[in-house]
Every structure is written in structure tokens, then in C-alpha cells.
Amino acid sequence: FPVTIRRSTVSDLHFFDNAYENSSFRGLFGENFGWKGELSKALENNQRAIAGFSGTIFFSIIFQDAVKGLISLSQIDLNNLKSEFAIGFPNDRPQGIAHKACLLFFDFYFWIIGLNKIYTLVYSENRWSSRNSEKLGLLREGFIKDYLQTERGFKSVEIFGLTRSQALENQKLLRTVRRRINRDWTKFY
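Keep in mind the model is a prediction, meaning the values are calculated, not measured.

Overview of the pattern of salt bridges
Following the criterion strictly, the structure yields 7 salt bridges and no others. Its salt-bridge partner being Asp107, residue Arg183 comes within 3.0 Å of it at the nearest N-O pair. You can see Arg183 sitting in the segment after helix 7 (171–181) and its partner Asp107 sitting in helix 4 (residues 97–113), a full 76 residues away along the chain. Owing to a relative accessible area of 27%, Arg183 belongs among the partly exposed residues under this scheme. We classify Asp107 as buried; its relative accessible area is 9%. Here Asp184 ties to Arg178 by a salt bridge, and the two come within 3.7 Å at their closest N and O atoms. Through salt bridges with shared partners, a single network forms among Arg127, Arg140 and Glu158.

Shown next, in the form of C-alpha cells:
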């Protein structure tokens, strides 16, 4: 099934509005929005954001010609070639879409942008995301109690991370990448 990822644009405004009205989505993807002020202006700026941008860059996950989910890249650190990654779906996600979208994004992140480390903070009660982070080859690097203050109080997070070298050493991940997105990461390194 074809899944694509593209930089989010103003044409995704309706999707963003609906996604962030969904309290369960906000509770898992992030209650603190990745923009300040008017959303349409933020999406216009998102199109122009460059890799050195220190804010959040949003990407839309497209399936069957419709936006189904979001990927965000935040805390971009070009000095250390790392950033934080998040993925979210405000409604039911079709089977396998999140996994394939992550593989496509990691391909872009490691081999096109050329960053070295990607990490994600997963709310400790979000077992689905913890399991999927591990299935994607990310390693559990730690736990921080009461890390984020939200509308519902403090939330603890698990930290998962992956470097380029760890990705290249993970034979299961390399086989999955070849099978799911038809890429051979060993040719890039």
C-alpha cells in the first residue's frame, strides 16, 4: 500500500484543526502545540523552514490521497546532528501505516538530511508507542519521572533513540527497510 510523507502545508489546515481538537490525540502526540499564534501562518512558515530551524517542522503522512497522520521534528540540533521525532494519528490508523511512515522518515532523516541521532519521548502510559519504538529498532535509553507538565498534570516519559551506526548494525531493521520501503541503507554508509 502506498504511503508517502511530505512537508505539511496550508492545505493541511483542516486536518490539523481536527487533530488538535481531539483530546486523546493531544494527550498522546503532545498537548503543547508545535507553533505559536495562528495555525495557517505556522503552516506557511513550515513550508519554508530549513534544517537549521530550531522550532518544529511538521510532515504529513498521506495514505489513499488523504492526510492520515503527522510526524514532527523538533529540538533540531545541527551541531550534534540530532533531533526529537514524534508521530501521531488523530483517528484510527490503518494497519502498518505508522511503521512504514517511520521507516520512510528515518530514511529521509539519516540519508537525505544526514543527521546522526533521532530520539523520541514517549509518555509512559502510551504502551503502543513504546512497543512500536522498539519494533522500529529504537533503543530504550531512559525514563524521566514528571518530565512534562500538561493540562492533566505532570507526565513521565520513556526515551528511545537510534543512531545511524545502530541502524546499520541492526540486521532485523535493515531487512525490514529493504522489504517495506525497498531501500538498502548499507549502500549509503
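Notes on the packing of aromatic side chains
The description of an aromatic ring pair rests on the distance of the ring centres and on the angle between the ring planes. For the coordinates displayed, the defined rule picks out 11 aromatic pairs. Judged by centre distance (5.1 Å) and plane angle (65°), the rings of Phe59 and Phe105 are edge-to-face. Placement of Phe59 in strand 2 (residues 57–63) and of Phe105 in helix 4 is noted, with a sequence separation of 46 residues between them. Residue classification places Phe59 among the buried residues on the basis of a relative accessible area of 6%. Looking at Phe105, the relative accessible area reads 1%, which means it is buried. Three or more aromatic residues link up through ring pairs in this structure, and these residues are Phe59, Phe85, Phe105, Phe106, Phe108, Tyr109, Phe110, Trp111 and Trp185.

Concerning the confidence of the model for the chain
In the predicted model, the chain carries a mean pLDDT of 83, and 82% of its residues have values of at least 70. Between the elements of the chain, mean pLDDT differs from a low of 65, seen in helix 3 (residues 39–48), to a high of 95, seen in helix 6 (residues 164–169).

Rules of the game
Residues numbered from 1 in each chain as written. Predicted model: local features only at pLDDT ≥ 70, side-chain atom pairs only at ≥ 80, totals over all residues. Heavy atoms only, no water. Salt bridge = Lys/Arg side-chain N within 4 Å of Asp/Glu carboxyl O. Helix = DSSP H or I, 4+ residues; strand = E, 2+ residues; numbered from the N terminus. Buried < 20%, exposed > 50% of the residue type's maximum accessible area, 1.4 Å probe, protein only. Phe/Tyr/Trp six-rings, centres within 6.5 Å; stacked < 30°, edge-to-face > 60°. pLDDT = per-residue confidence, 0-100.

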